[in-house]
Amino acid sequence: IQEATGDGKSDVAMDVERAESGLEAQANDANHALSRVHAGRPYTLRDLLRWARRITTLRDNELALMRVGKAAPPQLRSAAYEEAADVLAGMLPAGPGRRRVLKMIAATWGLPADD
């Protein structure tokens with residue numbers, strides 16, 4: 001039996017909170033960096049909606065793999081990356097700008113960045 005700390009939380013609960021706050025900080029760092037990446041113009045809500053429509057229209061099989069309370073399965077993350085890469089970076093010429101956008105999209109979905 002674990003002893004509760006002064007505020008009534010067990011050591012396990014405190015570890016979970018620390019892990020959650022670390023993941024939130026990591027996500028915030030990735031989102032902050034992604035907000036600075038753009039293709040000659042800032043990405044907008046319209047771009048996000050285009051991506052969402054594509055995912056729901058073209059990727060039903062991958063979306064069916066989602067489960068409440070579970071992390072997105074690798075097939076869904078890969079599909080989301082592919083559609084986001086097409087919508088957000090498809091119009092960019094090959095080069096460092098396009099690679100940077102693709103790396104940030106991959107990082108957002110927890111995928112390795114392919115060079």
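These figures come from a predicted structure and were not determined experimentally. (Residues numbered from 1 in each chain as written. Predicted model: local features only at pLDDT ≥ 70, side-chain atom pairs only at ≥ 80, totals over all residues. Heavy atoms only, no water.)

Asker: Can you help me understand helix α2 (residues 45-58) in this one?
Answerer: The α-helix advances 3.6 residues per turn, and as a result positions three or four apart in sequence lie on the same side. Taking 1.5 Å of rise per residue, 14 residues should cover 20 Å, and α2 covers 20 Å from first to last C-alpha, within 8% of that figure. Summarising the contacts, the buried residues of α2 are in contact with α3 (60-63) and α4 (74-89). (Helix = DSSP H or I, 4+ residues; strand = E, 2+ residues; numbered from the N terminus. Expected span 1.5 Å × (residues − 1). Contact = heavy atoms within 4.5 Å.)

Asker: How should α4 be read in this particular structure?
Answerer: For α4, spanning 16 residues, the distance from its first C-alpha to its last is 21 Å, which sits close to the expected 22 Å at 1.5 Å a residue. Looking at the buried positions of α4, the neighbouring elements they touch are α2, α3 and α5 (96-108).

Asker: Any chance you could explain the environment of E82 here in plain terms?
Answerer: Note that E82 resides in helix α4. A residue is classified by how much of its surface remains accessible, and E82, at 39% relative accessible area, is partly exposed. Sequence separation of E82 and I55 is 27 residues, and the distance between their C-alpha atoms is 9.6 Å. (Buried < 20%, exposed > 50% of the residue type's maximum accessible area, 1.4 Å probe, protein only.)

Asker: In this structure, what is going on with the confidence of the model for the chain? I would like to understand it.
Answerer: As a general rule, the predicted coordinates of low-pLDDT regions are not to be interpreted in detail. Here the chain averages 75 in pLDDT, while 64% of its residues score no lower than 70. In the predicted structure, residues 1-5 sits below a pLDDT of 50 and forms 10 contacts with residues beyond four places in sequence or in another chain. (pLDDT = per-residue confidence, 0-100.)

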